[in-house]
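Each chain is listed here by its residues.
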Number of protein chains: 2
Amino acid sequence: MAVEPDRDMDAHVRRLWRHRGATLPTPRRGPRQQLDLDEILRAGIAIADAEGLAAVSTRVVAARFGKTGMALYPYVGTKENLLALMQDHASAMPAWEDPVTGLTDGLHAWAVALFEVYLAHPWLTERPWSQATQGPNEQDWLERLLRILHRWDVPPGARPSVVTMLYATVRATAGTAAAYQRMNQQGIAEWRGQAEATMTQIPDLRQRYPLSTGLEPVTPHWQDNPRVALTNSVQLLASALGRTAG
Amino acid sequence: MAVEPDRDMDAHVRRLWRHRGATLPTPRRGPRQQLDLDEILRAGIAIADAEGLAAVSTRVVAARFGKTGMALYPYVGTKENLLALMQDHASAMPAWEDPVTGLTDGLHAWAVALFEVYLAHPWLTERPWSQATQGPNEQDWLERLLRILHRWDVPPGARPSVVTMLYATVRATAGTAAAYQRMNQQGIAEWRGQAEATMTQIPDLRQRYPLSTGLEPVTPHWQDNPRVALTNSVQLLASALGRTAG
DNA sequence: AGAAAACACTATGCAGTGCAAGGAGTAAAA
DNA sequence: TTTTACTCCTTGCACTGCATAGTGTTTTCT
């Protein structure tokens, strides 16, 4: 009945915040550690970037250091923790100047910056996101967004909605952008879309779904579609806030 | 160099649209099939609902029919196809009356209906979503949404953005709602949040992140948070459209 | 100084995965 | 009647996360 303070969770949180004042759960006895958490995460991220999240296994990551899979456990705890640490590590927020021209530009700069991070690490879209389980880097993004909303006097009641919608939209558009670049690098020629296959299997698809099959892409260059969709969405959202805030 | 018509893809599409005019790739020779695709999908969905998507394996699903894992392959092709079929099967659109009171109510009814489906099958949030790989049930949702936008004269240029944001927001809020009900049924008492652990590890978190740690929940009953967040988001979005459309 | 505890890393092994390959039996087509 | 295509089974492979036990190393306690 002792109040056990969930040491695994504490260790995980301390690893997440290791560069922000938390002390790493470093061993006090036993042999020196031969690996480094940051290098482990860099290796894992490199693998995920190149071959997808599914290619990240304890054994593969450890092999980059000539070690066995079990050697990672003192550093990361569990596989799930490893992925969470990779997620936050890859989410480091770049520096940019906050536009002074208005709310729309401010939100747009934020959204595009986050979009770029997701494009650089497409597997981030496969990871869950919530405000309750964040590391410092992810927290930076949220704080920055709220600062923009505060700066432009978005009423507090509207902020949670904006946060939810913006994050969700960035993640969604980045996800389809990542899918695009995936099929780009595997050769468009041999790629036959499921959409096309559906058109031939269901010849009257256009009649049955006139509106959804008639949707026109937002830009002629379909590669840019997700980015443009994000820009338009931000504008729409900002216009709603302009109305509320005005 | 023959133009091979990608038979696996065709078979998959025909299975997806099997109840909408497509002919199932049914065998013409050999022993009678002892299983039924719809029953397989129902079994898989039941497992995913009860134990999560990770618990769905070919062997476990097949065991429900006293068969081995390999027995599923004539019916679904691959594991990934099985999951895609489950996804569409679980996305069947319920019937509801389209509100005649305005765009906001129309969008809200749509969003809540989709939200409920996601709550009934929380693993849907773990599945990728894109307009390019949809089955009939998912297509129904999109068409319905576009009909609402058409009905209330939302300008065509704004529609793709609304579609993206609404889907993304529903999926995001449903995802956190699913997380809530997960920790509800595993007992709140023993559940110690990572957020709490962070607060104790980083005592000055509130000073460092005044805005994000000061975010107030949108409703006193935190259980209802996602639903209310969704409602607010829809309202915000509709207000933007009201301005554009007006 | 010496004993004991706590640690890093390895080796082994378990239970599980998707699925390729091959075989036995069955039904329809040639 | 023979051939072909099919269903379902068995076997087996390569892979996963990780529990367990063992070896050697470093620090702490006596």
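Residue numbers restart at each chain and count upward from 1, following the sequence in its written direction. Ligands are numbered from 1 and chains lettered from A, in the order in which they are written. With pLDDT at 70 or above as the cut-off, local features in this predicted model cover only qualifying residues; side-chain atom pairs require 80 or more to be listed or tallied, and sums for whole chains, interfaces and linings still use all residues. Only hydrogens and water are removed before side-chain values are computed, so all heavy atoms of the structure are retained for them.

All right, on to the domain arrangement of chain A then. Accessible area lost on assembly of the parts is the figure often given for the size of an interface. Residue and element names in this part refer to chain A. What marks off one domain from the next here is an automatic or database domain assignment. Along its sequence, chain A is organised into domain 1 (7-90) and domain 2 (103-245). The distance between the C-alpha centroids of domain 1 and domain 2 comes to 30 Å. The criterion used for residue contact is that any of the two residues' heavy atoms lie within 4.5 Å. With 15 residues of domain 1 at the interface, the matching set in domain 2 holds 14 residues. Buried area counts how much accessible surface, traced with a 1.4 Å probe, disappears from two parts once they are put together, with both parts' losses summed. Summed over both partners, the interface of domain 1 with domain 2 comes to about 1,400 Å²; 51% of that surface belongs to carbon and sulfur atoms.

Another point: the interface of chain A and chain B. With 59 residues of chain A in contact, the opposing surface of chain B contributes 60 residues. A combined buried area of about 5,200 Å² lies between chain A and chain B, and 65% of that area is made up of carbon and sulfur atoms. Three residues, Gln-194, Tyr-209 and Leu-236 of chain A, lead the burial of chain A against chain B; their summed loss comes to 13% of the area buried on that side. When a carboxyl oxygen of Asp or Glu lies within 4 Å of a side-chain nitrogen of Lys or Arg, that pair is called a salt bridge. Joining chain A to chain B, the criterion identifies zero salt bridges. Polar contact criterion, stated in full: a pair of N or O atoms within 3.5 Å, where within protein one must be able to donate a hydrogen and the other to accept it, and residues adjacent in sequence count only if both atoms are side-chain atoms. The tally of links from chain A across to chain B stands at 13 residue pairs in polar contact (both at pLDDT 80 or more). Broken down by secondary-structure element, the contributors of at least two residues to the side of chain A that touches chain B are α1 (7-16), α7 (136-151), α8 (159-185), α9 (194-201), α10 (205-208), α11 (210-213) and α12 (225-245) of chain A. Each helix corresponds to a stretch of at least 4 residues labelled H or I by DSSP, and each strand to a stretch of at least 2 residues labelled E; elements are numbered beginning at the N terminus. Here the side of chain A that touches chain B takes 10 residues from α12 of chain A, the largest share from any one element. Broken down by class, the residue content of the side of chain A that touches chain B amounts to 29 nonpolar, 19 polar and 11 charged. All residues other than Ala, Val, Leu, Ile, Met, Phe, Trp, Tyr, Cys, Pro, Asp, Glu, Lys and Arg, Gly among them, are scored as polar; the first ten of these are nonpolar and the last four charged.

For this description, a residue counts as near a given molecule or strand if any of its non-hydrogen atoms is within 4 Å of it. Surveying the vicinity of DNA strand D reveals 29 residues, the closest of which are Ser-57, Tyr-73 and Lys-79 of chain A together with Pro-31 and Gln-34 of chain B. In DNA strand D, the atoms that sit within 4 Å of the protein are 66% sugar and phosphate, with bases accounting for the remainder. With respect to DNA strand D, the side chain of Tyr-73 of chain A contributes an N or O atom lying 2.7 Å from a phosphate oxygen. With respect to DNA strand D, the side chain of Lys-79 of chain A contributes an N or O atom lying 2.6 Å from a phosphate oxygen. Looking at the surface near DNA strand D, the elements with two or more residues in it are α3 (58-63) of chain A together with α4 (73-76) of chain B. At three residues, α3 of chain A tops the list of elements feeding residues into the surface near DNA strand D. Of the residues in the surface near DNA strand D, the class split is 12 nonpolar, eight polar and nine charged.

Bringing the environment of Gln-181 of chain B into the picture now. Residue and element names in this part refer to chain B. Within the secondary structure, Gln-181 is located in helix α8 (residues 159-185). The class for Gln-181 is partly exposed, based on a relative accessible area of 34%. Separated by 42 residues in the primary sequence, Gln-181 and Gln-223 place their C-alpha atoms 8.2 Å from one another. Ignoring any residue separated from it by four or fewer positions in sequence, one finds Gln-181 in contact with Leu-119 and Pro-122. Relative accessibility decides the category of a residue: with a 1.4 Å probe and only protein chains considered, values under 20% of the type maximum give buried, values over 50% give exposed, and everything between is partly exposed.

We now examine helix α6 (residues 103-120) of chain B. Working rule for helices: expected span equals 1.5 Å times residues minus one. Look at α6 of chain B: 26 Å from first C-alpha to last across 18 residues, which is about the 26 Å you get at 1.5 Å a residue. Buried within α6 of chain B are the following residues: Leu-103, Gly-106, Leu-107, Trp-110, Ala-111, Ala-113, Leu-114, Phe-115, Val-117, Tyr-118 and Leu-119 of chain B.

Here we come to the packing of helix α5 (residues 79-90) of chain B against helix α7 (residues 136-151) of chain B. Residues and elements named next belong to chain B. Lines are fitted to the C-alpha atoms to define the axes, a helix being fitted only along its stretch in contact, and any angle between axes, read from their N-to-C directions, falls within 0 to 180 degrees. Running from N to C, α5 and α7 point in directions that differ by 45°, and their axes come no closer than 7 Å. Regarding the angle of α5 to α7, the classification is oblique. Taken together, the residues of α7 that come into contact with α5 (itself represented by Gln-87, Asp-88 and His-89) are Pro-136, Asn-137 and Glu-138. Considering only residue class, the contact of α5 with α7 consists of one nonpolar, three polar and two charged. For classification purposes, an angle smaller than 35 degrees is called roughly parallel, one larger than 145 roughly antiparallel, one from 65 to 115 roughly perpendicular, and anything else oblique.

Residue placement: Thr-164 of chain B occurs in helix α8. Of the residues examined, Thr-164 of chain B reaches a relative accessible area of 16% and is grouped as buried. Among residues more than four places away in sequence, those in contact with Thr-164 of chain B are Thr-169 and Thr-173 of chain A.

A least-squares superposition brings the copies together, and it is based on the C-alpha atoms of residues with pLDDT no lower than 70 in both. Aligned on chain B, chain A shows an RMSD of 0.0 Å; the corresponding rotation is 180° and the shift along the axis is 0.0 Å. Accordingly, the operation relating the two chain copies is best matched by a two-fold axis. Ranked by how close their C-alpha atoms come to the rotation axis, the residues of chain A are headed by Ala-240 of chain A, at 2.0 Å. Both copies share a contact surface, since 100% of the interface residues of chain A are interface residues in chain B too.

Looking now at the pattern of salt bridges. Residues and elements named next belong to chain A. If you walk through the whole model with that rule in mind, you get 14 salt bridges over all chains. The residue Arg-144 makes a salt bridge to Asp-98 at a minimum N-O spacing of 3.3 Å. Of this pair, Arg-144 sits in helix α7 while Asp-98 sits in the loop between α5 (79-90) and α6 (103-120), and the two are 46 residues apart along the sequence. Residue Arg-144 is classed as buried on the basis of its relative accessible area of 10%. We classify Asp-98 as partly exposed; its relative accessible area is 26%. Here Arg-147 ties to Asp-98 by a salt bridge, and the two come within 3.5 Å at their closest N and O atoms. Remark: Asp-98 occurs in the loop between α5 and α6 and Arg-147 occurs in helix α7; sequence separation between them is 49 residues. With relative accessibility at 45%, the residue Arg-147 sits in the partly exposed group. Taken together, the shared-partner salt bridges connect Asp-98, Arg-144 and Arg-147 into one network.

Here we take up unusual backbone geometry. With a phi close to 60°, Asp-153 of chain A is a non-glycine residue in the positive phi region. Looking at the secondary structure, you find Asp-153 of chain A in the loop between α7 and α8.

What follows deals with the protein's contact with DNA strand C. Surrounding DNA strand C, one finds 29 residues, the nearest of these being Gln-34 and Tyr-75 of chain A together with Arg-32, Ser-57 and Tyr-73 of chain B. The contact atoms of DNA strand C, taken as those within 4 Å of the protein, divide so that sugar and phosphate hold 67%. A distance of 2.6 Å separates a phosphate oxygen of DNA strand C from a polar side-chain atom of Tyr-75 of chain A. Among the elements of the structure, α4 (73-76) of chain A together with α3 (58-63) of chain B are those that each provide at least two residues to the surface near DNA strand C. Taken together, the residues that form the surface near DNA strand C break down as 12 nonpolar, eight polar and nine charged.

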